[in-house]
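Observations on the three-dimensional arrangement
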Amino acid sequence: MNSKQLNEVSKFLSYVLRHEPQSIGLQLDTEGWAEIDCLISGAAKEGRTLDRELILAVVSSSDKKRFAISNDAQYIRAVQGHSTDGVNLQHAEKEPPEFLYHGTATRFIESIQQQGLISGSRHHVHLSQDIATAVAVGQRYGKPVVLKIEALRMYQQGFKFLKAENDVWLTSHVPNFFIHQE
Ligand code: HQG
């Protein structure tokens, strides 16, 4: 299995486990878990051949640790990034470090200055602990720009921060007041 194939299956798993489980008749529970057997049979109906070995290879090779397997190995979920209704992961609420970073594209800056960072179609705004990750995230949409967020000050003022299993930090909204361009 080459990295191109793994990447392609990873994209499919992101799609059905975060956004459109119903597209293959899959049920997610409120914590985002789906039965691996149902994932395999649902994908097969769409003409996509998956097996456990392939799924586990994608999970273990994911650079961002996007997916998790349950302790009994029967279930899989995406650890963050959901947009689908009905899933509400209970991430750990935590005090953030002094600064967190958000990578975006230069063309969004004007709108961000007006509205702050908003979650859009996802459940949360995604922030990272390091600048390199933020650059990579921003690059997905164009010329990247890194925003430095005064996370600890926000927290001290009552904003909630959650930390996903893969070290992505999540919050609902970042007002412009706490955002600085790197
Ligand atoms: C931007 C990937 C205009 C925001 C990544 C971003 C991440 C605004 C885009 C994870 C705005 C939303 C999430 C405003 C925010 N006006 N644009 N007021 N507020 N934006 O993909 O953070 O590979 O939903 O800057 O690595 O880019 O999928 O969020 O550019 O961890 O695992 O609106 O997805 O991980 O884009 O990425 P997204 P994101 P995966």
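Parameters and conventions
- Residues numbered from 1 in each chain as written.
- Predicted model: local features only at pLDDT ≥ 70, side-chain atom pairs only at ≥ 80, totals over all residues.
- Heavy atoms only, no water.
- Helix = DSSP H or I, 4+ residues; strand = E, 2+ residues; numbered from the N terminus.
- Rg over C-alpha atoms; globule rule 2.2 N^0.38 Å.
- Buried < 20%, exposed > 50% of the residue type's maximum accessible area, 1.4 Å probe, protein only.
- Areas by Shrake-Rupley, 256 points an atom, 1.4 Å probe, with all protein chains shown as cover.
- Contact = heavy atoms within 4.5 Å.
- Axes fitted to C-alpha atoms, helices over the stretch in contact; angles between N-to-C directions.
- Parallel < 35°, antiparallel > 145°, perpendicular 65-115°, else oblique.
- Nonpolar A, V, L, I, M, F, W, Y, C, P; charged D, E, K, R; others polar.
- Near = heavy atom within 4 Å.
- Polar contact = N/O pair within 3.5 Å; in protein donor to acceptor, adjacent residues only side chain to side chain.
- Core = buried A, V, L, I, M, F, W, Y, C linked by side-chain atoms within 4.5 Å.
- Pairing = 2+ DSSP bridges.

Moving on: the overall build of the chain. Within the chain one finds six helices and 10 strands. Computed over C-alpha atoms, the radius of gyration of the chain comes to 17 Å, within 12% of the 16 Å expected from 2.2 N^0.38 for 182 residues, which places it in the range of a compact globule. In terms of overall dimensions, the chain has C-alpha extents of about 50 × 30 × 25 Å along its principal axes. Every one of the 182 residues in the chain was classed for burial, and the buried ones make up 43%. As displayed, the chain has an accessible area near 10,100 Å², and 47% of this comes from carbon and sulfur atoms.

So, on to the side chain of serine 10. Among the structural elements, serine 10 can be located in helix 1 (residues 3–19). Filtering out sequence-adjacent residues up to four positions away, serine 10 remains in contact with Val58, Arg66 and Phe67.

Right, let's talk about the packing of helix 1 against helix 3 (residues 52–61) for a bit. One can describe the packing of helix 1 onto helix 3 by two numbers: an axis separation of 10 Å at closest approach and a directional angle of 90°. In terms of their interaxial angle, helix 1 and helix 3 are classed as roughly perpendicular. Facing helix 1, whose interface residues are Leu6, Val9, Ser10 and Leu13, helix 3 presents Leu54, Ala57, Val58 and Ser61. Looking at the contact of helix 1 with helix 3 residue by residue, the classes come out as six nonpolar, two polar and no charged.

Turning our attention to the site of the ligand. Contacts to the ligand come from 17 residues, most closely from Lys64, His102, Thr104, Ser111 and Tyr141. Histidine 102 is positioned with one of its side-chain polar atoms (N or O) 2.6 Å from an oxygen atom of the ligand. Contacts to the ligand include arginine 122, whose side-chain N or O atom sits 2.8 Å from an oxygen atom. In the complex, 86% of the free accessible area of the ligand, which totals 780 Å², lies under the protein chains. Counting only elements with at least two residues in the shell around the ligand, the list comes to strand 5 (100–105) and helix 4 (109–115).

A separate point is the nonpolar core. Nonpolar side chains tend to gather and get buried jointly when the protein is soluble and globular. Membership of the largest hydrophobic core comes to 24 residues, with the highest contact counts inside it found for Leu13, Leu17, Leu39, Leu50, Ile55, Phe67 and Ile76. Counting only elements with at least two residues in this core, the list comes to helix 1, helix 2 (36–45), helix 3 and strand 3 (75–78). In terms of residue count, the dominant contributor to this core is helix 1 (six residues). Counting residues in hydrophobic clusters, the runner-up holds 16 residues, among them Ile109, Ile112, Leu147 and Ile149.

A few words on the sheet that holds strand 2 (residues 67–69). The strand order across the open sheet built from three strands is 1-3-2, with neighbouring strands paired in antiparallel fashion. Edge positions in the open sheet fall to strand 1 (34–35) and strand 2, since each of these has one partner strand only. As paired strands, strand 2 and strand 3 are joined by three bridges and run antiparallel to one another. Paired with isoleucine 69 across the strands is isoleucine 76, a residue of strand 3.

Bridge count between strand 1 and strand 3: two bridges; the pairing is antiparallel. When the bridges of strand 3 are listed, alanine 34 appears paired with isoleucine 76. In sequence, strand 2 turns back onto strand 3 through a hairpin of five residues, with alanine 73 there showing a positive phi of about 65°.

This paragraph deals with the sheet that holds strand 8 (residues 162–163). Strand order in the open sheet formed by four strands is 4-8-9-6, and the pairing between neighbours is antiparallel. With one partner strand each, in any of the chains shown, strand 4 (92–93) and strand 6 (125–127) form the two edges of the open sheet. Across three bridges, strand 6 lies against strand 9 (residues 169–171) in antiparallel orientation. Note on strand 9: the bridge partner recorded for leucine 127 is tryptophan 169.

Everything listed here is a matter of coordinates, which is why it stays silent on function.
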